[in-house]
Amino acid sequence: NETADPSITLYDADGQELASNDDYDGLNSRIDVSAPLAAGDYCVTIAALSDESAPIDLLIDIYDPEAALAALYARGEAAPPLDGSVPVTDLGPLASRMRQDVQLTDDASWFTVDVPEAGLLLIEAIAPAGKGDPWLVLFDDFGRQLAQNDDNGENLDAMITAKVQSGVYMVGVKDVGNGSTGQVRLLMERFVPAAP
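Reading guide: rules and limits
Residues numbered from 1 in each chain as written. Predicted model: local features only at pLDDT ≥ 70, side-chain atom pairs only at ≥ 80, totals over all residues. Heavy atoms only, no water. Pairing = 2+ DSSP bridges. Helix = DSSP H or I, 4+ residues; strand = E, 2+ residues; numbered from the N terminus. Axes fitted to C-alpha atoms, helices over the stretch in contact; angles between N-to-C directions. Salt bridge = Lys/Arg side-chain N within 4 Å of Asp/Glu carboxyl O. Buried < 20%, exposed > 50% of the residue type's maximum accessible area, 1.4 Å probe, protein only. Phe/Tyr/Trp six-rings, centres within 6.5 Å; stacked < 30°, edge-to-face > 60°. Lys NZ or Arg CZ within 6 Å of the ring centre and 35° of its normal.

Student: Where do I start with the sheet that holds strand β2 (residues 17-22) in this structure?
Tutor: In sheet architecture, strand pairing relies on hydrogen bonds along the backbone and comes in two forms, parallel and antiparallel. The three strands lie next to each other as β2-β1-β3, forming an open sheet whose pairing is antiparallel. Two strands lie at the open edges of the sheet, namely β2 and β3 (42-48), each paired on one side alone. On average, each strand axis in the sheet is tilted by 15° relative to the strand beside it, whichever way the strands run. Inspection of the sheet shows strand β1 (residues 6-12) paired to β3 by seven bridges, in the antiparallel sense. In the strand pairing of β3, S7 is matched with A47.

Student: Explain the pairing of strand β9 (residues 145-150) to me, please; I cannot follow it from the model alone.
Tutor: In the case of a regular strand, side chains alternate between the two sheet surfaces. Pairing geometry for strand β8 (residues 134-139) and β9, over five bridges, is antiparallel. If you follow W135 over to β9, its bridge partner there is D150. In textbook terms, the turn of a hairpin is the stretch between consecutive antiparallel strands, and for β8 and β9 this stretch comprises five residues, one of which, G143, has a positive phi near 90°.

Student: Even after reading the chapter, I still don't get the pattern of salt bridges, so can you show me in this structure?
Tutor: Think of it this way: side chains of opposite charge can pair up when their charged atoms draw near. Under the criterion given, the structure shown has six salt bridges. One salt bridge in this structure joins R185 and D101, with 2.7 Å as the shortest N-O distance. Taken as a pair, R185 in strand β12 (residues 182-191) and D101 in strand β5 (residues 97-104) lie far apart in primary sequence, 84 residues in all. Judged by its relative accessible area of 33%, R185 falls in the partly exposed class.

Student: Just to check I follow, could you spell out the packing of aromatic side chains for this structure?
Tutor: Using the criterion set out here, one finds one aromatic pair in the structure. Plain terms: the ring middles of W110 and F139 are 5.9 Å apart, the flat faces sit at 50° to each other, and that makes the pair tilted. Of the two residues, W110 is situated in strand β6 (residues 109-115) and F139 in strand β8; the sequence distance between them amounts to 29 residues. Residues W110 and F139 agree in their burial class; the two are buried. The aromatic ring of W135 is capped on one face by K174, whose charged end is 4.5 Å from the ring centroid.

Everything listed is a geometric property; what it means functionally is a separate question.
What follows is the structure, encoded as structure tokens:
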């Protein structure tokens with residue numbers, strides 16, 4: 001319940017803190033314990049950091065590594081594999097400039113672009129008439145995050161720049177407007193160094 005802005009903490013039977021979280025996704029909290037826990041008793045505490053009278057729902061479930069990875073891809077925190085398990089639109093080679101209209105949701109939409117030579121990559125996500133709050137992330141072909149941005153300048157549009165080598169790059173774009181959806185224009189431009 002984002003109205004409550006919950007915070008959660010996991011303790012073992014000796015009172016040692018194992019994990020805690022606040023604002024995992026929006027103002028809601030989540031703890032993923034990927035390593036097996038020993039048999040025994042554990043304690044979960046919940047605190048409302050905002051409205052203490054607001055109800056808070058607590059879900060405890062078995063850790064699912066595939067679901068955890070899918071959630072990372074949906075949030076744009078990790079680049080998905082290019083094996084077809086996650087939809088990725090191939091935009092092809094970026095000669096100098098391209099644009100792509102995207103219908104945004106809370107989950108990241110993924111695109112690949114092929115950069116033919118080293119230079120500077122500029123990517124913008126522009127919401128028409130200021131309706132939307134786009135967020136951008138850029139990964140290289142090894143899955144390393146190169147840049148991420150939300151709310152560039154004086155508006156809610158996003159923009160990232162990165163020095164790149166030739167290769168395939170992955171761009172994730174989503175709306176961070178808490179349940180809002182909308183159209184966004186994705187603009188990519190490539191700049192090369194001037195000849196000496």
